[in-house]
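Chain by chain, the residues:
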Amino acid sequence: MNYQWYPGHMMKARRMMQEDLKLIDLIIELLDARAPMSSRNPDIDELGRNKARIILLNKADLADKSRNAQWTEYFKEKGFWVQEVNAKTGAGIKSIYPLIKEACKEKIARDRKRGIIGRPVRATVAGIPNVGKSTFINSFAGKACTKTGNKPGVTKGKQWIRLNKEVELLDTPGILWPRFDNQAVGEKLAMIGSIKDELLHMEELAGALLGYLLKEYPVLLKERYQIITNEDAYKTLEEICISRRCFGKGEVPDLARASAIVLEDFRSGKLGNITLERPEEWQ
Ligand code: G4P
């Protein structure tokens, strides 16, 4: 589901997240591997201050493999546990269990000291809209979908999915608001599809994407659309109109249709494995 974020929505999301956080030990934070920092909630570090945390680079299947490795390193250096995943196929998901154990080591040791043995780690999944939270919960929970129902002291309506003896997962994810720091961030969020298309100027957006691809992934563009000029974004869009036969009345290039094709090809991975940002831009 897409959201348009107003201050009221943000306050509500924050309140709900704070409620969830009272119940949990671990936050499983989902980022979009194609734009890990732009898809990261700006306040998560503060909100999740006292909780264990795992970062998942989701949609890793759509992103640039070498940059996935760079981003994994980046977040590891910042002290997080990190894993690349494809929530749709489940790739990478098994590796999360050992990470949970590592991330929650201190909590387990603390429990043990107090004589509490075998109390499961309680986790919640959090991330901005469309990052893949529901898909991930379905994949991660898989057949282990035994809902444990309401527990005393637990907010009414919250349900836990018992993944195994050691981990319980809140069945509804925490929806976080995205960054609004600057235009470049908003643009990347629009490119990856986390802002409603109706709110966007599609030709401008496709132009910005093409500008980036001409610089960073020219070969992928050439392969997909047989473009030859490699000059500017607008010319490239016109060439795509020709190679994809997007013409309006009077054989005028239909830039809007070509823009929709480019964005759809990028979002679905048909254009290839592409990442829109590099760690060094965020040091
Ligand atoms: P949300 O709860 O965070 O809002 O996201 P949701 O799970 O609804 O996922 C948003 C879209 O992203 C879905 O596509 C989903 O299939 C896709 N998705 C989630 N994780 C991955 C992943 O790791 N790799 C890829 N390639 N796609 C992923 P959709 O187009 O809305 O639905 P569908 O056509 O796939 O069913």
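Residues numbered from 1 in each chain as written. Predicted model: local features only at pLDDT ≥ 70, side-chain atom pairs only at ≥ 80, totals over all residues. Heavy atoms only, no water.

Caption draft 1: Local environment of unusual backbone geometry. One non-glycine residue with positive phi stands out, namely arginine 245, at about 55°. Structurally, arginine 245 can be placed in the loop between helix H10 (233–243) and helix H11 (255–268). Of note in this structure, glutamate 251 is not a glycine but carries a positive phi near 60°. Summarising the element assignment, glutamate 251 is placed in the loop between H10 and H11. Among the residues examined, glutamate 251 registers a relative accessible area of 59% and is labelled exposed. (Helix = DSSP H or I, 4+ residues; strand = E, 2+ residues; numbered from the N terminus. Buried < 20%, exposed > 50% of the residue type's maximum accessible area, 1.4 Å probe, protein only.)

Caption draft 2: The confidence of the model for the chain, seen in detail. With 94% of its residues at a pLDDT of 70 or more, the chain shows a mean pLDDT of 91. Under a pLDDT of 50 for its full length, residues 149–155 has, in the predicted model, 14 contacts with residues more than four places off or in other chains. (pLDDT = per-residue confidence, 0-100. Contact = heavy atoms within 4.5 Å.)

Caption draft 3: Geometry of the environment of alanine 208. With respect to the secondary-structure elements, alanine 208 resides in helix H8 (residues 202–216). Since its relative accessible area comes to 22%, alanine 208 is described here as partly exposed.

Caption draft 4: Looking closely at the site of the ligand. Not every one of the 15 residues close to the ligand is listed here, only the nearest: Ala87, Asn130, Lys133, Ser134 and Thr135. With respect to the ligand, the side chain of asparagine 86 contributes an N or O atom lying 3.1 Å from an oxygen atom. Within the side chain of threonine 135, an N or O atom sits 2.5 Å from an oxygen atom of the ligand. Considering the ligand on its own, with 710 Å² of exposed area, one finds that the protein chains cover 65% of that surface. When the residues that make up the shell around the ligand are grouped by side-chain class, the tally is 5 nonpolar, 6 polar and 4 charged. (Near = heavy atom within 4 Å. Polar contact = N/O pair within 3.5 Å; in protein donor to acceptor, adjacent residues only side chain to side chain. Areas by Shrake-Rupley, 256 points an atom, 1.4 Å probe, with all protein chains shown as cover. Nonpolar A, V, L, I, M, F, W, Y, C, P; charged D, E, K, R; others polar.)

Caption draft 5: Structural context of the pairing of strand S4 (residues 121–127). Across the 7 residues that make up S4, a large majority, 6, are buried. Two elements, strand S1 (residues 26–32) and S4, share 4 bridges in a ladder whose sense is parallel. Along S4, the bridge assignment pairs leucine 26 with alanine 123. Pairing analysis gives 3 bridges linking S4 to strand S7 (residues 167–170), with the strands arranged parallel. Looking at S7, one finds that alanine 123 is bridged to leucine 169. Pairing between S4 and strand S8 (residues 174–175): 2 bridges, direction parallel. Bridging across to S8, alanine 126 finds its partner in glycine 174. (Pairing = 2+ DSSP bridges.)

Caption draft 6: The arrangement of the environment of methionine 202 in detail. You can see methionine 202 is positioned in helix H8. By relative accessible area, which is 22% here, methionine 202 ends up partly exposed. Sequence separation between methionine 202 and glutamate 187 is 15 residues; the distance between their C-alpha atoms is 11 Å. If we ignore the near neighbours within four places in the chain, the residues touching methionine 202 are Asp197, Ser259 and Leu263.

Caption draft 7: How the structure looks around the packing of aromatic side chains. Taken as a whole and judged by the stated rule, the model has 7 aromatic pairs. Ring centres 5.1 Å apart and planes at 75° place the aromatic pair tryptophan 71 and tyrosine 74 in the edge-to-face group. Here tyrosine 74 and tryptophan 71 lie together in helix H3 (residues 65–77), a separation of 3 residues that amounts to about one turn. Of the residues examined, tyrosine 74 reaches a relative accessible area of 8% and is grouped as buried. (Phe/Tyr/Trp six-rings, centres within 6.5 Å; stacked < 30°, edge-to-face > 60°.)

Caption draft 8: Representation of helix H4 (residues 96–103). If you check which residues of H4 are buried, you get Ile96, Leu99, Ile100 and Ala103. One side of H4 holds all its buried residues, which, seen down the axis, span an arc of 105°. (Arc of directions from axis to C-beta.)

Caption draft 9: Structural view of the packing of H10 against H11. Between H10 and H11, the shortest axis-to-axis distance is 9 Å and the interhelical angle comes to 95°. On the basis of the axis angle, H10 is roughly perpendicular to H11. Every residue of H11 that contacts H10 at Tyr234, Leu237, Glu238, Ile240 and Cys241 is listed here: Leu255, Ala258, Ser259 and Val262. Of the residues assigned to the contact of H10 with H11, the class counts are 7 nonpolar, 1 polar and 1 charged. (Axes fitted to C-alpha atoms, helices over the stretch in contact; angles between N-to-C directions. Parallel < 35°, antiparallel > 145°, perpendicular 65-115°, else oblique.)

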